[in-house]
Amino acid sequence: GQQLNQSPQSMFIQEGEDVSMNCTSSSIFNTWLWYKQDPGEGPVLLIALYKAGELTSNGRLTAQFGITRKDSFLNISASIPSDVGIYFCAGVGTNAGKSTFGDGTTLTVKP
Amino acid sequence: GAVVSQHPSRVICKSGTSVKIECRSLDFQATTMFWYRQFPKKSLMLMATSNEGSKATYEQGVEKDKFLINHASLTLSTLTVTSAHPEDSSFYICSARPPGQATGYTFGSGTRLTVV
């Protein structure tokens, strides 16, 4: 089946620093999604990308859909303590809207 | 915004019993819902696609007789873990796509199942 490689697995940064994480795949996806999950909660959609090359921002978050349609990155600028959590990328192909999730990036922000 | 409500949030049951988890789409109808399972510090693994008015489609390796899915209305899907065992302990999450939200699914808050 389709697999996503998400990196890094975890990050420990200082408040105010910028963060970058990415996902790559051997398969092509039609849509890339980025979610954040807090402990004990379901994932919350941050950004959805629908076209190759698309660059989309949501506040301090910026994500891009790679030209090859096989990768995407998420940047967080000027991190704050509430950015702490697990970030997942997800790719959606043509298989009935199913999402394939990356393994997640655990972000820790030190005040 | 669109909300997906999941109930219960936590459940502890004895080994051998069955547990039902509900997933409701609030303020929108969902002909399709997805059920995921998540182990600690792991990613979400799709278990099955719940289809309103028809049988669910299960991912490879997921026992359909073990994890019964019923999608009897456009706002409710249920997952029943039958004859639960400790290895079924996990975080179960459902998702649905609100109309007009092209592909990004809204997730429920999850159910933490502990089988003792």
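Preceding this paragraph is the structure being described.
Source: prediction; values computed, not measured. (Residues numbered from 1 in each chain as written. Chains lettered and ligands numbered in written order. Predicted model: local features only at pLDDT ≥ 70, side-chain atom pairs only at ≥ 80, totals over all residues. Heavy atoms only, no water.)

For chain B, the count of helices and strands is zero helices and 11 strands. Secondary structure of chain B in N-to-C order comes out as β-β-β-β-β-β-β-β-β-β-β. On C-alpha atoms alone, chain B measures out to a radius of gyration of 13 Å, which is about the 13 Å that the 2.2 N^0.38 rule sets for 116 residues. In terms of overall dimensions, chain B has C-alpha extents of about 40 × 30 × 25 Å along its principal axes. A buried classification covers 49% of the 116 residues belonging to chain B. Looking at chain B alone, contacts between residues at least 24 apart form 53% of all its contacts between residues at least 6 apart. For chain B, the accessible surface area stands at approximately 5800 Å², while carbon and sulfur atoms represent 51% of it. Taking the average location of the 12 positive side-chain charges in chain B and that of its 8 negative ones, the two points are 6 Å from each other. (Helix = DSSP H or I, 4+ residues; strand = E, 2+ residues; numbered from the N terminus. Rg over C-alpha atoms; globule rule 2.2 N^0.38 Å. Buried < 20%, exposed > 50% of the residue type's maximum accessible area, 1.4 Å probe, protein only. Contact = heavy atoms within 4.5 Å. Areas by Shrake-Rupley, 256 points an atom, 1.4 Å probe, with all protein chains shown as cover. Lys, Arg positive; Asp, Glu negative; His and termini not counted. Charge placed at Lys NZ, Arg CZ, Asp CG, Glu CD.)

Once that is clear, we can look at the state of the cysteines. One pass over the full model with this rule turns up two disulfides over all chains. The residue that forms a disulfide with Cys 23 of chain A is Cys 89 of chain A, at a sulfur-sulfur distance of 1.7 Å. Looking down the S-S bond of the Cys 23 of chain A and Cys 89 of chain A bridge, the torsion is -85°, so its handedness is left-handed. Highlighted residues: Cys 23 of chain A in strand E3 (residues 19–25) and Cys 89 of chain A in strand E9 (residues 85–92), separated in sequence by 66 residues. Both residues of the pair, Cys 23 of chain A and Cys 89 of chain A, count as buried. Paired by a disulfide, Cys 23 of chain B and Cys 94 of chain B hold their sulfur atoms 2.0 Å apart. Across the disulfide from Cys 23 of chain B to Cys 94 of chain B, rotation about the S-S bond amounts to roughly 85°, and the bridge is consequently right-handed. Linking Cys 23 of chain B in strand E3 (residues 19–26) with Cys 94 of chain B in strand E9 (residues 90–96), this pair joins segments that are 71 residues apart in sequence. (Disulfide = S-S within 2.5 Å.)

Another aspect to go through is the pattern of salt bridges. Summed over all chains, the structure comprises five salt bridges over all chains. In this structure, the salt-bridge partner of Asp 38 of chain A is Lys 36 of chain A, at a minimum N-O distance of 3.6 Å. Residue classification places Lys 36 of chain A among the buried positions, given a relative accessible area of 14%. Between Lys 98 of chain A and Glu 59 of chain B there is a salt bridge, and its shortest N-O distance comes to 2.7 Å. One end of the pair, Lys 98 of chain A, is in the loop between E9 and strand E10 (99–101); the other, Glu 59 of chain B, is in the loop between strand E6 (57–58) and strand E7 (67–73), on a second chain. What makes Glu 59 of chain B partly exposed here is its relative accessible area of 22%. (Salt bridge = Lys/Arg side-chain N within 4 Å of Asp/Glu carboxyl O.)

Before going further, it helps to spend a moment on the packing of aromatic side chains. The description of two aromatic rings rests on the distance between their centres and on the angle between their planes. One pass over the structure, following the stated rule, counts nine aromatic pairs over all chains. Between Tyr 35 of chain A and Phe 101 of chain A, the ring centres sit 5.6 Å apart and the planes meet at 35°, which makes this aromatic pair tilted. One end of the pair, Tyr 35 of chain A, is in strand E4 (residues 31–37); the other, Phe 101 of chain A, is in strand E10, and 66 residues separate them in sequence. Exposure class is identical for Tyr 35 of chain A and Phe 101 of chain A. Each is buried. Ring geometry for Tyr 36 of chain B versus Phe 107 of chain B: centroids 5.5 Å apart, planes at 45°, classification tilted. With a gap of 71 residues between them, Tyr 36 of chain B in strand E4 (residues 32–38) and Phe 107 of chain B in strand E10 (residues 106–107) connect regions that are remote in the sequence. You can call Phe 107 of chain B buried: its relative accessible area is 8%. (Phe/Tyr/Trp six-rings, centres within 6.5 Å; stacked < 30°, edge-to-face > 60°.)

For the rest of this paragraph, the subject is the interface of chain B and chain A. With 19 residues of chain B in contact, the opposing surface of chain A contributes 19 residues. Of the roughly 1400 Å² buried between chain B and chain A, counting both surfaces, carbon and sulfur atoms make up 58%. Connecting chain B to chain A are one salt bridge. Counting the contacts that link chain B with chain A gives five residue pairs in polar contact (both at pLDDT 80 or more). Mapped onto the side of chain B that touches chain A, the elements with two or more residues apiece are E4, strand E5 (44–51) and E9 of chain B. When the residues that make up the side of chain B that touches chain A are grouped by side-chain class, the tally is nine nonpolar, eight polar and two charged. (Buried area = accessible area lost by both parts, 1.4 Å probe. Polar contact = N/O pair within 3.5 Å; in protein donor to acceptor, adjacent residues only side chain to side chain. Nonpolar A, V, L, I, M, F, W, Y, C, P; charged D, E, K, R; others polar.)

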